[in-house]
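Okay, here's what each chain looks like letter by letter:
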Amino acid sequence: MKKLIVVALALVIACVFVGCGAGALLEGTQWYEEYTNDGVTYREDWSFEKDNVLKFSKTVVGGGDVNDPAIGVWQVNDGNILEITAEENVTKILGIVGTWHIDMGTKDLLTLTRVVTDSKKNNEITLKRVKDAE
């Protein structure tokens, strides 16, 4: 029983000093989503970088249409709430700006659900982890 208490206490201390919340889990990861709209398949790439920099780009799969990456700011608050704001190329990132609830049910899937729904925007996004970023 004492060993179990010591292990539990060590985990709590590690979480306090190292961080084990959603923000710590997102930093340094890359994700993507592919979807088809009007017969065209798109790929969106999300990169949660250090210093809360979010790089976002959208490309046409199988085509040469590549957008310059948009730069945003990401911040995870209490309760696994992700806030995304825009910095550069604002029009390219407007669709994902907002407040999202994070669900990292598995290490390879990240589901974002808008806290306040918007009839003009996607209210749930499921991203897949980019394997090379692990």
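Up top you'll find the structure we're talking about.
Residues numbered from 1 in each chain as written. Predicted model: local features only at pLDDT ≥ 70, side-chain atom pairs only at ≥ 80, totals over all residues. Heavy atoms only, no water.

Some thoughts on the overall build of the chain
How we decide: Only DSSP runs of H or I with at least four residues qualify as helices, and only runs of E with at least two residues qualify as strands; both kinds are numbered from the N terminus onward. Partly exposed describes any residue whose relative accessible area lies between the buried limit of under 20% and the exposed limit of over 50%, with all areas from a 1.4 Å probe on protein chains only and scaled to the type maximum. In this description, contact between two residues means that some pair of their heavy atoms is separated by no more than 4.5 Å. Computed with a 1.4 Å probe, the accessible areas rest on the Shrake-Rupley method; for each residue, only the protein chains presented here act as cover.
Each helix and strand counted, the chain has three helices and eight strands in total. Starting at the N terminus, the α and β elements of the chain follow one another as α-α-β-β-β-β-β-α-β-β-β. Evaluated residue by residue, the chain yields a buried proportion of 26% over its 134 residues. Long-range pairs, those at least 24 residues apart, make up 28% of the contacts in the chain between residues at least 6 apart in sequence. Only carbon and sulfur atoms are counted for the fraction: they give 55% of the accessible area of the chain, which is about 8600 Å².

Details of the packing of aromatic side chains
Operational definition: Under the pairing criterion, centres of Phe, Tyr and Trp rings, with the six-membered ring standing for Trp, must be within 6.5 Å; the plane angle then separates stacked pairs below 30 degrees from edge-to-face pairs above 60, leaving the rest tilted. Throughout this description, the term charge over a ring refers to an Arg CZ or Lys NZ atom that lies within 6 Å of the ring centre and within 35 degrees of the ring normal.
A full pass over the atoms with the stated rule returns four aromatic pairs. Relative to Phe56, the ring of Trp46 has its centre 5.6 Å away and its plane inclined at 90 degrees; by these criteria the two rings are edge-to-face. Within this pair, whereas Trp46 is found in strand 2 (residues 40-48), its partner Phe56 is found in strand 3 (residues 53-60), the two being separated by ten residues in sequence. Comparing Trp46 with Phe56, the two get one shared label, buried. An aromatic cluster is built from Trp46, Phe48, Phe56 and Trp74, whose rings are joined through pairwise contacts. Between Arg43 and the ring centre of Tyr32, over which it is positioned, the NZ or CZ distance is 4.1 Å. The ring of Tyr42 has Lys58 sitting right over it, with the charged end atom 4.9 Å from the ring centre.

Some details on the pattern of salt bridges
Stated formally: Just to be clear on terms, a salt bridge is a Lys or Arg side-chain nitrogen sitting within 4 Å of an Asp or Glu carboxyl oxygen.
Tallied over the full model, the rule gives three salt bridges. In this structure, Arg43 engages Glu34 in a salt bridge whose closest nitrogen and oxygen atoms are separated by 3.9 Å. The network of salt bridges with shared partners includes Glu34, Arg43 and Asp45.

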